[in-house]
Structures are given as structure tokens and as C-alpha cells.
Amino acid sequence: MSSIPEHTCKPPGKILKAVFHNLSAWTLEDVLALRSPDQKDHITVELQDGEIWELTRCSRTWRENTSRLGNESSGYGLDSPCSDGYVYDQSKGRNSVVERLNLVCDRKWYAYMIQPLFICGVMLGSITFGYVSDRFGRRVVLWSTSICVFFFGIASIFIFDYFSFMAVRFFLTMATSGYFGVVFVYVMEFIGKKSRTWASMHLNTFFAIGVMLVALVSSMANAWWLYQIILCIVTTPFILCCWMLPETPLWLLSEGRYNEAQGVIDTMAMWNESSRCDLEELLSLDMSSACDQSCAGVRKLSLGDLFHDRNVSRRTLAVWLVWFTVNFGYHVFFMEAIQGKENEYLYLFLVGAMEIPAYLFMCLCLERVGRRYTMASCLLLASFICAMYVAMPRGHKTLKTVAVVVVKTTVGAVLAFLFTYTAELYPTIVRCLAVGSSSMVSRLASFIIPLTKQVWIPLPQILFWILAILSGLSSLRLPETLNKPLASTWETTEQQAPENKADADEAPPTAEKGGSDEAPPTAEKGGSDEAPPTAEKGGSDEAPPTTETPAKENRKVMIHPKLRSLRRKRRK
């Protein structure tokens, strides 16, 4: 969309003949299709009124001597600006926003600002909608972002002002990135641990199919506005059906809305024709004190809670490093795979098609080898092939192409898996925030890659080689999450990772900050006569829960901080 096509200044009249070097044509478009960007010579044209003009990319000159139509210049008038606009090369199909807004010559820097602003929108959307999803729920974000994708996408077609166009596209990229991260978490919180790997990884299969569809639509739609309309219409079925999607039970439980969570579980059991699952019995919940949407008084989490102790900080930094490395390598080798090819749409289609078998192979590895060993192996393999690619001579084009495709496919599979792994590493209360912040950090690679190419052409590949080794080794320190349930609080997350027990005495962010008498999230502190959360308050002859259900003695009591606050007020 922001690429600058071959262009030249438009003459003040209808063209009779155009000459460039030893080439002659009837239209400027035919000449531009044959001129390369490196050729800076002017194009000589003869108008129907007999005037001869010499045209460059950003200026035009009237020739006084009209006796000969040649490429040599003789007898100039003064240079004049391109007040009649520009003529663009149409041989490669779709018109771009650069052509529509004439973002060339002295307005070229406007075109260069399109991509960086889009990346800023992606970064801001990832972290913003990740926080909103943890704060207000997954369903709200999915519905709002899908509606924004449709309306902002359609609105960008009917805007002919540069700054309005940039504002609309900024909000469009924000909504798109926010939707993409939250939908992974939404699916994972509905799927059990047995099928979680295959379900979440095959979401990326639809992403690969989307890449293939984009290649097909791009090759058939000659106008960019038609291309935009087709992509926006695809979101319509989801917008019409999104209201039927329920909120995830895990998020409802983390908010203390036990009755709503029970209703969702009952609906799932009815559709699956299975027996009803009683959350009160399974999780030892006090359903009579359940919270509703109007509950307040609990401290909401923020980005700083991803660094609330030393072990969590190390985990977050390691995850961010892996995200940045994988996104860095994906962009570098994706552009290497399709850039400069004669039929770039065909190569884009093939690149998307090759990712589907890579996802299938990744699922098998994740199920048999585990999360961290699979990720570390892929990163180290990608670094080794990248080193071979850098060391290959330029003449070995076939080997270099194979190396590019292998590295791109490998890091693409790791990038698809990172959404799943990151969501498994963090509890429900900050899950979307962790995925969104990781995606935001990874987008910094899009700013750094163009700068490194200006310093030294092979520098991006060398940086990826080094970063892949560091990321692969650091990922070995992350906990294994294969066949483990999704955690709801930091306490259960730390229990899944034995190395986190060193900081067990630090207060997790799910506990309300208070004095030394503050209770941890899974128990209430009170007097000796205070009944435990799962026992009914009564006389001394009341049997404790462990005598009635011995099999539940090791289960944790899940009491929401809002309920603890209300109970303290009642006791006072």
C-alpha cells in the first residue's frame, strides 16, 4: 500500500508520442513499464499541439527547439513543477494510496510514515486490548474489535485526505492486533488440556489460509479500494454471530462471578450431551456469596504485575526476548522470500501454503517433546541455517532460497506456538495482558530492521543468528506446561514451576494490599471461631468438609478478593 511505484511528471496536454533512450511509445505508461528505478534520465514527449517537453520524476521542462524529437536536450525553458500531477506505472496492477494522494517527490516522506504509524497502531492495540480483555472480559473485546475492523476498513476507502486516512488506518491496525491476540486466549480457555495444543495451533492454520486468500485477492483486484472492500466483507459473518459467544468460565471464575460461570458450564454440558459439572462441589466454591457485575473494590492488575517478583520478572523478560527474536527473523526472511520476485503474489501464496504442514509437524513435536525443548530446538536450528545462509556465496541462489524458506517456515511455526505457550505461562488475571505486551515488544523489530539494513545489508541476518542462540538457551529456563491445566492465580502458576518457590513469601498481585493481618488469596484470616469458606457456619457439631468428602482434602479453595473484602466488613 505504501510502496512508491515508478512515476513521472505529467505534461500539460495530450501526448502524441513519447521517447526514452531508443524506445518509442504512444503513452507514458508504456514507457514507465520499461524504465527501471535506477534510470534517472528524462522522458521526451511530443504533445498534440506540437510542444515538446522533457519529463523527470519530479519536474518538467519545456524545450524551445521543436525541430527534432530526440532524447538529446537543446534549448531549454525553465523547469516547472508538476502542477498537473503525475503519471504512474500501471503494469503491476493495483492502484495504491500513494497514487491516489500523490505521495511522491516533495511528499514522499508522507508515504514513508505510513508503515511506522501502522506498526505503532499494532503495538498500542496489542497492549491496550490485552488489558481491556483482562479487565472487562474476552467477549467484549472480540465483539468491539471485529466491528472496528469492518467500519474503519470501509471508512478508509472513502477518505481522500492524508491525515484522516492515517487516523482511520491507525485505529484499524489497533483493532486488528487486539483481536488477533485475544482470540487465542478465548479459544484456549474453553479447550481442555488434552486438545489445547491442536486447537490453538490450528487457529494459525486459518491465518495461513488468510495469507493465501490475500495473495489471490491481490492478484485479481486491480484497485486497492476493491481489495479493501473484499477483506472487510470477510468479517461480516463473525460480527453477526459474535453476540452468541459466551464469556469464558475461567475469566468469570477469576472475577468471582461463579453463578455466571456455572451457567456457561451447564450450557456446554447440554450441547455436549454430558452430565452436569457442579463448580461448587468441584472447586469448593461458596456459591451463596458469589459476586456479580456490580462488584467493586479489587485492585486491578497492570503491566507492572508481570514483574511483581524476581522469578516472574525473569520469565517475562525471557518470553519477551523470544517474541522479539522470532518476529525479527520472521520479517527478515519473509521479505527475503517474496521481495524481488517476478510474480510476488504466487510466492506469497506458496509461503502461506508451506506454513500449514509446518503447524502440523509442530503439533506433533509439542505433544511428544514438550513446549520448551521444541521451541529451543527450533530456534537453534534456525540460527544454524541462518549462519549457513550468511556464509553462502551470492552465486548459490538455489541454496540461499532453500535456506530462506526453511528459516522462515521454522520461525513462523514458533511464532504460531508462542501465543499458546505465553497464555499457558500466565494466570487468567493477566493472560491477555501478557500475550498483548509480548506482541507489542515483538513489533519493535519492524522499526529496527530497516535501520540495520542501512548500516550493512547482511546485518539483520547476523543479528537474528545471535538473538536466536540467546533466545533458544534462555527458553530452556522457562517452565514446562505440557498437559497442565491453565492457572487462575499466581499461586497455582508458581506451583507449576518448582523454580518459583524461592519467592513464595512475596505477596502476589491478586492479594489486596494491606497490613500484616491480610489473608492470602486462597484463605481468609480470622478468629479461631471463623468457619472455613467451604463449611457452613454453625455449631461445633457441624462436620468439617474433609469428613464428608475425603477425596477433596487436597483441593484449593478459590475465594475471590472481592468476597474477602465483603466478609471483613461484615465481621467488623
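Residues numbered from 1 in each chain as written. Predicted model: local features only at pLDDT ≥ 70, side-chain atom pairs only at ≥ 80, totals over all residues. Heavy atoms only, no water.

*Asks:* Explanation requested: helix H11 (residues 258-271) in the structure shown.
*Replies:* In a regular helix each residue adds 1.5 Å, so 14 residues correspond to 20 Å; H11 covers 20 Å between its end C-alpha atoms and thus fits that length. Buried within H11 we find Tyr258, Ala261, Gln262, Val264, Ile265 and Ala269. Buried positions in H11, seen along its axis, are confined to an arc of 160° and lie on one side of it. Along H11, the residues that are exposed and aim more than 90 degrees away from the buried face are Met270 and Trp271. Immediately downstream of H11, the backbone of glutamate 273 shows phi near 55°, a positive value. (Helix = DSSP H or I, 4+ residues; strand = E, 2+ residues; numbered from the N terminus. Expected span 1.5 Å × (residues − 1). Buried < 20%, exposed > 50% of the residue type's maximum accessible area, 1.4 Å probe, protein only. Arc of directions from axis to C-beta.)

*Asks:* Sorry if this is basic, but what is going on with the packing of aromatic side chains here?
*Replies:* Both the distance between ring centres and the angle between the ring planes are used here to describe each pair of aromatic rings. Taken as a whole and assessed by the stated rule, the structure comprises 21 aromatic pairs. Seen from their ring centres, phenylalanine 417 and tyrosine 421 are 5.3 Å apart, and the 15° between their planes marks the pair as stacked. Taken as a pair, phenylalanine 417 and tyrosine 421 lie in helix H16 (residues 397-425) at a separation of four residues, close to a single helical turn. Given the relative accessible area of 1%, phenylalanine 417 is considered buried. On the accessibility criterion, tyrosine 421 (1% relative accessible area) is buried. (Phe/Tyr/Trp six-rings, centres within 6.5 Å; stacked < 30°, edge-to-face > 60°.)

*Asks:* It is not clear to me how a nonpolar patch on the surface should be interpreted in this structure. Could you clarify?
*Replies:* A contiguous nonpolar patch, built from Phe206, Ile209, Leu213, Leu216 and Met220 and spanning about 530 Å² of accessible area, is present on the exposed surface. Turning to its location among the elements, isoleucine 209 is positioned in helix H7 (residues 196-220). Taking the relative accessible area as the measure of exposure, isoleucine 209 reaches 33% and is therefore partly exposed. (Patch = residues over 30% accessible without salt bridge, like charges linked within 9 Å, V, L, I, M, F, W, Y side chains within 5 Å. Areas by Shrake-Rupley, 256 points an atom, 1.4 Å probe, with all protein chains shown as cover. Salt bridge = Lys/Arg side-chain N within 4 Å of Asp/Glu carboxyl O.)

*Asks:* What am I meant to see in the pairing of strand E4 (residues 43-47) here?
*Replies:* The buried fraction of E4 amounts to four of the five residues, a majority that puts the element mostly inside the structure. Relative to E4, strand E2 (residues 15-20) runs antiparallel, the two being bridged by four bridges. If you follow lysine 17 over to E4, its bridge partner there is glutamate 46. Inspection of the sheet shows E4 paired to strand E5 (residues 52-55) by four bridges, in the antiparallel sense. Pairing of glutamate 46 across the sheet is with isoleucine 52, part of E5. From the end of E4 to the start of E5, which pair antiparallel, there are four residues, and glycine 50 there has a positive phi angle of about 95°. (Pairing = 2+ DSSP bridges.)

*Asks:* Explain the side chain of serine 474 to me, please; I cannot follow it from the model alone.
*Replies:* Within the secondary structure layout, serine 474 lies in helix H19 (residues 459-475). In this structure serine 474 comes out as buried when scored by relative accessible area, which is 18%. If we skip the residues at most four places from it in the chain, serine 474 touches Ala318 and Leu321. (Contact = heavy atoms within 4.5 Å.)

*Asks:* Looking at this model, I keep getting lost on the packing of helix H13 (residues 310-338) against helix H15 (residues 371-391). Mind explaining?
*Replies:* Think of two packed helices as two axes; the pair is described by the angle between the axes and how far apart they sit. Orientation of H13 relative to H15, taken along the N-to-C sense of each, is 40°, at an axis distance of 12 Å. Classified by the angle their axes make, H13 and H15 are oblique. Here the hand of the crossing between H13 and H15 comes out left-handed. Here Val322, Val326, Phe333 and Glu336 of H13 lie close against H15, whose contacting residues are Met375, Leu379, Cys386 and Tyr389. (Axes fitted to C-alpha atoms, helices over the stretch in contact; angles between N-to-C directions. Parallel < 35°, antiparallel > 145°, perpendicular 65-115°, else oblique. Left-handed = near helix turned anticlockwise from the far one by under 90°.)

*Asks:* What is the right way to look at the side chain of arginine 138 in this model?
*Replies:* Positionally, arginine 138 belongs in helix H5 (residues 138-155). A relative accessible area of 0% means that arginine 138 is categorised as buried. From its side chain, arginine 138 meets the backbone oxygen of serine 133 in a polar contact 3.3 Å long. If sequence neighbours within four positions are ignored, arginine 138 has contacts with Ser133, Val182, Val185, Tyr186, Glu189, Glu247, Thr248, Trp251, Thr428, Arg431 and Cys432. (Polar contact = N/O pair within 3.5 Å; in protein donor to acceptor, adjacent residues only side chain to side chain.)

*Asks:* Could you clarify how one ought to interpret the nonpolar core in this entry?
*Replies:* Soluble, globular proteins show a tendency: their nonpolar side chains are buried together. Met201, Val326, Phe333, Met362, Met375, Tyr426 and Phe464 are the most contacted members of the largest nonpolar core, which totals 75 residues. When neighbours within four sequence positions are excluded, methionine 201 is seen to be in contact with Tyr359, Met362, Cys363, Leu366, Ala413, Ala416 and Phe417. By size, the runner-up hydrophobic cluster in this structure holds 20 residues, among which are Val104, Ala111, Ile159 and Tyr162. (Core = buried A, V, L, I, M, F, W, Y, C linked by side-chain atoms within 4.5 Å.)

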